[in-house]
Amino acid sequence: MKDHVAIYDTTLRDGAQQEGISLTVSDKIAALAILDDLGVDYIEGGWPGAIPKDTAFFERARNVKLHHARLAAFGATTKAGVRAAEDPQVAALLRSGASVITLVAKSDPRHVTRALRTTVEENLRMVRDTVEYLTAEGVDVMVDLEHFFDGLAFDADYGMTVMLEAARAGAVAVIPCDTNGGNLPSVIGEVTRRARSLLDEAGSTGCVLGIHTHNDTGCAVANAIAAVEAGARHVQGTVNGYGERTGNANILTCAANLQLKLGYDVIPPASMGSLDSVSHRMAELVNIPPFARDPYVGQSAFAHKAGLHASAIRVDPDLYQHIDPAVVGNGMRMLVSEMAGRSSIELKAEELGIDLTSVPNAAAILAQKVKEREAEGYTYDAADASFELLALSELGRLPRFLRVESWKVTTQEIAEVQGEPYAATEATVKIHTDRRHIRTAEGNGPVNALDRALRHVMTRDYPVCANFELTDFKVRILDEDRAGTDATIRVLIEMTDGRRAWSTVGIGTDVIEASWEALFNAYWWGLLHSGATSLLQE
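Reading guide: rules and limits
Residue positions are counted from 1 within each chain, in the order its sequence is given. In keeping with the model being predicted, local features are shown solely for residues with a pLDDT of at least 70 and side-chain atom pairs are shown and tallied solely at 80 or more, while totals for entire chains, interfaces and linings include all residues. Hydrogens and waters are ignored; side-chain quantities use all the structure's heavy atoms. UniProt positions are given in the numbering used here, feature names are shortened, and annotations may be inferred rather than shown by experiment. A helix here means a DSSP run of H or I that spans at least four residues, while a strand means a run of E at least two residues long, and both kinds are numbered starting from the N terminus. Partly exposed describes any residue whose relative accessible area lies between the buried limit of under 20% and the exposed limit of over 50%, with all areas from a 1.4 Å probe on protein chains only and scaled to the type maximum. Only heavy atoms matter for contacts: two residues are in contact if any of them lie within 4.5 Å across the pair. For the purposes of these results, a polar contact is taken to be a pair of N or O atoms within 3.5 Å, where, inside protein, one atom must be able to donate a hydrogen and its partner to accept one; residues adjacent in sequence count only when each atom of the pair is a side-chain atom. Each patch is built from residues that are more than 30% exposed by relative accessible area and take part in no salt bridge. Like charges join if they lie within 9 Å; nonpolar side chains (Val, Leu, Ile, Met, Phe, Trp, Tyr) join within 5 Å. Surface exposure here means Shrake-Rupley accessible area, sampled with a 1.4 Å probe, where a residue is shielded only by the protein chains that are shown. Criterion for a salt bridge: a side-chain nitrogen of Lys or Arg within 4 Å of a carboxyl oxygen of Asp or Glu.

A short note on the UniProt feature "domain: Pyruvate carboxyltransferase" (unreviewed entry) in the protein chain
1) Next: When the UniProt feature table is mapped onto this chain numbering, "domain: Pyruvate carboxyltransferase" (unreviewed entry) sits at residues 5-276.
2) Next: Taken end to end, residues 5-276 has its terminal C-alpha atoms 21 Å apart, with 43% of it in helix and 16% in strand.

The following block contains the structure:
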């Protein structure tokens, strides 16, 4: 195992600057346990003294026991012309109780003169004074060198001078930042090597050199790795790459690449298997769906669609996978589509627990059926539940929970209600279970009305359906060569029972017909996996 590379997570500060993310104090407290479980070295909690919510967070965080990570407070160096010991913002950092304080310091002379409106000499004094003061107070001080790489392109020496000043003043780590995210790995690597060399020449061999990258060129992770290979031993980033603009370096991808591919000691080996879980737990916390194609932890990271891949995977899964997905807590998935051959079908059936051996040539029959239906417009790589229903039906093993006699939807505009035109949508379903049901329901549009009418019947005879909830609804027009309202429509529905989610597909000549098929099948699959006993009387 190579050197240890410290992981510094800044999801709770830099990640929270992403559009659409707003974390409460309770959210941030809950996140501490998730990040600590991951085994990161540092968790940056926010800016106490500057942001009231962050001040409250650090007060509550005092009572949280972390098993691996140290909590860091973020703040700025003292103001121009003010001694650190007299700066209220610096005092607030100390009051936070954090044992690590990370200061942001300007390292681009253009920002010093234009943003801080002071001299480059005074900026050095501000860095030196603040680091020395906080270090004397018994905390570990790290310095984020803001706009470091862009600043060096303007002035080849000033940023390095700021870095050395921080190191000489007692900083335990100095972290060059690609704040605008515009640099590429070759530049990051070259500059990092120079920075490490200067620190060593200055006698600051004990000062850790870090890296903080943003993803504006799509190179945040690659830039972080380039820095480590050039001498950095501290990487800052966020879970799932959250952050403003295009985000920060994804700390999960960084950790996996550095440890699994390059052999660095990054997080405890036992924690590597929690990468997938951490990704999803944090996604739930910030209320943003996980990105399916995220490396290592995405739902599609180890999903295989091509029939050629499936044939090889049956021989040896490693032939088309760069690691065993279980190492990071993920799993392999087979996608069924018109590209599927017998091997794809057999692997998918095995994944779903469907035995194909009792029916001669079952895999070949199913593969042909999938190709025919996908030619009609169905898609099964995004609708596993529909494929399972299709497979069980073709094998003669699909239980029937109800029989549909008919359904209809009517929409009409009624005279003004409270001064506004009112459009009423009504759905009627006639369904047989242990007896014939006729149910009518109004809804906010035809799909909602159908769902309500169907749910009336389902929850009466199959109470478990009360837990089913439609969470996503997608519509696509398939026939590019036909007019939009005369085209084939495909609908994908996602449903959940609170423990798992499943997707179904429907097609039709209009959106209502396609929606009904997808909706009906979603309930059917849910019943199939709920252990329900059929009440259908033929």
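Re the environment of E44
1) Next: For E44, the location among the structural elements is in strand β2 (residues 42-44).
2) Next: A relative accessible area of 0% means that E44 is categorised as buried.
3) Next: Taking the C-alpha atoms as reference points, E44 and T24, separated by 20 residues in sequence, lie 15 Å from one another.
4) Next: Leaving out residues up to four positions away in the same chain, E44 has contacts with Y8, D9, T10, L12, R13, A72, F74 and T102.
5) Next: Within the structure, E44 has its side chain in polar contact with the side chain of Y8 (distance 2.4 Å).

A closer look at unusual backbone geometry
1) Next: Unusually for a residue other than glycine, N287 sits at a positive phi of about 65°.
2) Next: Its place among the elements puts N287 in the loop between α12 (275-286) and β9 (303-304).
3) Next: Even without being glycine, N361 reaches a positive phi, approximately 55°.
4) Next: Relative to the helices and strands, N361 is located in the loop between α14 (342-352) and α15 (362-376).
5) Next: A relative accessible area of 55% means that N361 is categorised as exposed.

Quick notes on a nonpolar patch on the surface
1) Next: A cluster of nonpolar side chains, namely F473, V475 and V511, defines an oily patch on the protein surface of about 210 Å² accessible area.
2) Next: Residue position: V511 is located in helix α18 (residues 511-528).
3) Next: The partly exposed category is assigned to V511, whose relative accessible area is 32%.

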